[in-house]
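Fold and geometry: a report
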Amino acid sequence: MAAGLASFVVIANRLPVDRVFNPDGSTTWRTSPGGLVSALEPVMRRKGGAWIGWHGAPDERLRPFEHDGIRLVPVRLSTQDVIDYYEGFSNATLWPLYHDVVAPPQFHREWWDAYVSVNQRFAKAAARVAKRGATVWVQDYQLQLVPAMLRELRPDLQIGFFLHIPFPPTELFQQLPWRRQILEGLIGADLVGFQLPGAAQNFTRLVRDRVGHKTQRGTVSLPDGRTVVARAFPISIDAKSFEELARSTEVETRAAEIRSSLGSPKTVLLGIDRLDYTKGLYRRLRAFGELIREGSLSVEDAVFVQVATPSRERVDQYRLLREDVDRLVGGINADVGRIGSQPITYLHASYPREEMAALYRAADVMVVTPLRDGMNLVAKEYVACRYDDRGALVLSEFAGAAAELKQAYQVNPYDINGMKATILEAVRAPERESSRRMRSMRRTVLDHDIDAWAQSFISALSQR
Ligand code: G6P
């Protein structure tokens, strides 16, 4: 496959495609809705790029293939790898540890062993497809050992790493029995990107204190003379295409349809999240339930639509959360609902972008209240869709997005009374006030879109 060697390689746990099962029994692939792939598509096409990742089905070995002009290189995960590396170390150790231990992280040695061996597999796959001197961009917490493993195999490569989730405070990170190995894995990169400057600082401090390398501001100096830069690159969305979608007649018609099927209430509040314990769904719905119970909002006038996209359903904490939220919503609707008006419309489903845009258009108040979140792109998508400058965003201080969206109605999601007061403030805000805030947030999101993000990372990497 020499002719096919790639000069730009992305490595992520998942390939940017979903499999589609056709009625005639055949299967095809569809580009997944995430923004990362569309941002990288032009670079991939221009430079002859390849994307290395898992295709989502355990035990299946697939040959590299091309989709929409991008070369995809599937990595095989066995059923046991899925249990130990994906559900285990990635999502029951690292995920809760990096999100402020909002659920207790579990430390198991066999999960760690699987994490090492799967990271090694990804690194080898990249070493095989990368051209001499190629740029390789490793994504996210599932693959933190890949930079050093890949450098060992291919010292000629330029390696970048970006962490999409928070990097924890040093006190929490130090709980990890394999803390040193993770830090050494990451400093295999030339550039390590984070969502926020504080995360980059946590990382460099740990590298200094735990690994013993010299650091100055965001630069780590290694004994062999190599340097590693750690910096923030807050990720964004494809804002223009969201706005375009929101302006389409189909989406506008669908938004009107949604409002009328909800009984045309005065206020539609909306939450859209993966069903994840970091997203703060439980406290948010409790706050709303109390507002209705106490009569601050009336069940005739206000409806909360909560979309919860199924996620990591075989991991215990996710199963427990689903049961808790089901019970809470059932209780609130049973207690304060009326015939023909349920205060909460709860949808355990995943929707295409068109339906999401229609929901954003239908919502007067978007409620995004994670307990901890690397960025939260839903908040930015809502803003991108509000081309009429209407609508209010209630946003957790603990989402990365809060650093940029300063004009949102910010809340501490642990403070239920505070959250109730802020939701009411957003519901009752005079239109002039909401549009002033929305206009300013829109400027931020439209200026700093996903293209700007990808370009700034790639250009910082090329200058290393
Ligand atoms: C977060 C992570 C991604 C991950 C996504 C979906 O956004 O940062 O790396 O792909 O969640 O989770 P899943 O486990 O389904 O890949």
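Relevant structure appears above.
We now turn to the structure provided with this report. (Residues numbered from 1 in each chain as written. Predicted model: local features only at pLDDT ≥ 70, side-chain atom pairs only at ≥ 80, totals over all residues. Heavy atoms only, no water.)

1. What about the overall build of the chain?
In terms of regular secondary structure, the chain is built from 16 helices and 18 strands. In terms of overall dimensions, the chain is globule-like: its C-alpha atoms have a radius of gyration of 23 Å, near the 23 Å expected for 464 residues. Summarising its shape, the C-alpha atoms of the chain cover approximately 65 × 55 × 40 Å along the three principal directions. Considering only contacts within the chain whose residues lie at least 6 apart along the sequence, 73% involve residues at least 24 apart. About 19,500 Å² of surface is accessible on the chain, with carbon and sulfur atoms providing 48% of the total. Across the chain, the mean location of the 60 positive side-chain charges is 5 Å away from that of the 55 negative side-chain charges. (Helix = DSSP H or I, 4+ residues; strand = E, 2+ residues; numbered from the N terminus. Rg over C-alpha atoms; globule rule 2.2 N^0.38 Å. Contact = heavy atoms within 4.5 Å. Areas by Shrake-Rupley, 256 points an atom, 1.4 Å probe, with all protein chains shown as cover. Lys, Arg positive; Asp, Glu negative; His and termini not counted. Charge placed at Lys NZ, Arg CZ, Asp CG, Glu CD.)

2. Overview of the pattern of salt bridges
Going through the model one piece at a time under the given rule, you end up with 40 salt bridges. For the salt bridge of Asp-301 with Lys-266, the shortest nitrogen-to-oxygen distance reads 3.6 Å. With a gap of 35 residues between them, Asp-301 in the loop between helix 10 (281-293) and strand 14 (302-309) and Lys-266 in the loop between helix 9 (249-261) and strand 13 (267-274) connect regions that are remote in the sequence. Given the relative accessible area of 31%, Asp-301 is considered partly exposed. One salt bridge in this structure joins Asp-276 and Arg-312, with 3.6 Å as the shortest N-O distance. Taken as a pair, Asp-276 in the loop between strand 13 and helix 10 and Arg-312 in the loop between strand 14 and helix 11 (316-336) lie far apart in primary sequence, 36 residues in all. You can call Arg-312 buried: its relative accessible area is 16%. Members of the salt-bridge network, linked through shared partners, are Glu-243, Arg-247, Asp-389, Arg-439 and Arg-442. (Salt bridge = Lys/Arg side-chain N within 4 Å of Asp/Glu carboxyl O. Buried < 20%, exposed > 50% of the residue type's maximum accessible area, 1.4 Å probe, protein only.)

3. Overview of the site of the ligand
Surrounding the ligand, one finds Arg-14, Tyr-86, Asp-140, Tyr-141, Gln-142, His-164, Ile-165, Arg-274 and Arg-312. At a separation of 2.7 Å, an oxygen atom of the ligand approaches a polar side-chain atom of Arg-14. Within the side chain of Asp-140, an N or O atom sits 2.6 Å from an oxygen atom of the ligand. Residues of the shell around the ligand, tallied by class, amount to 3 nonpolar, 2 polar and 4 charged. (Near = heavy atom within 4 Å. Polar contact = N/O pair within 3.5 Å; in protein donor to acceptor, adjacent residues only side chain to side chain. Nonpolar A, V, L, I, M, F, W, Y, C, P; charged D, E, K, R; others polar.)

4. What to know about the packing of aromatic side chains
For the coordinates displayed, the defined rule picks out 24 aromatic pairs. Between Phe-162 and Phe-457, the aromatic rings sit 6.4 Å apart at their centres with planes inclined by 85°, giving edge-to-face as the arrangement. A residue pair is termed long-range when its members are at least 10 positions apart, and Phe-162 in strand 8 (residues 158-162) and Phe-457 in helix 16 (residues 450-462) qualify at 295 residues. Accessibility expressed as a relative area gives 0% for Phe-457, which makes it buried. Three or more aromatic residues link up through ring pairs in this structure, and these residues are Tyr-85, Phe-89, Trp-112, Tyr-115 and Trp-178. The cationic tip of Arg-437 hangs over the ring face of Tyr-409; the distance from NZ or CZ to the ring centre is 3.8 Å. (Phe/Tyr/Trp six-rings, centres within 6.5 Å; stacked < 30°, edge-to-face > 60°. Lys NZ or Arg CZ within 6 Å of the ring centre and 35° of its normal.)

5. Regarding the sheet that holds strand 18 (residues 409-411)
Pairing between the strands of a sheet is mediated by backbone hydrogen bonds and can be parallel or antiparallel. In space, the 6 strands of this open sheet follow the order 15-14-13-16-17-18, with parallel pairing throughout. Every other strand in the sheet has two partners, leaving strand 15 (344-347) and strand 18 as the edge strands with one partner each. Along the sheet, successive strands turn relative to each other by an average axial angle of 20°, direction set aside. (Pairing = 2+ DSSP bridges. Axes fitted to C-alpha atoms, helices over the stretch in contact; angles between N-to-C directions.)

6. With respect to the side chain of Arg-284
Its location among the elements puts Arg-284 in helix 10. Arg-284 sits in the buried class, given a relative accessible area of 0%. Ignoring anything within four residues of it in the chain, the contact list for Arg-284 reads Gly-271, Asp-273, Lys-279, Phe-304, Gln-306, Val-367, Val-368, Thr-369 and Met-419.

Fair warning: the whole summary comes from geometry, so function is off the table for now.
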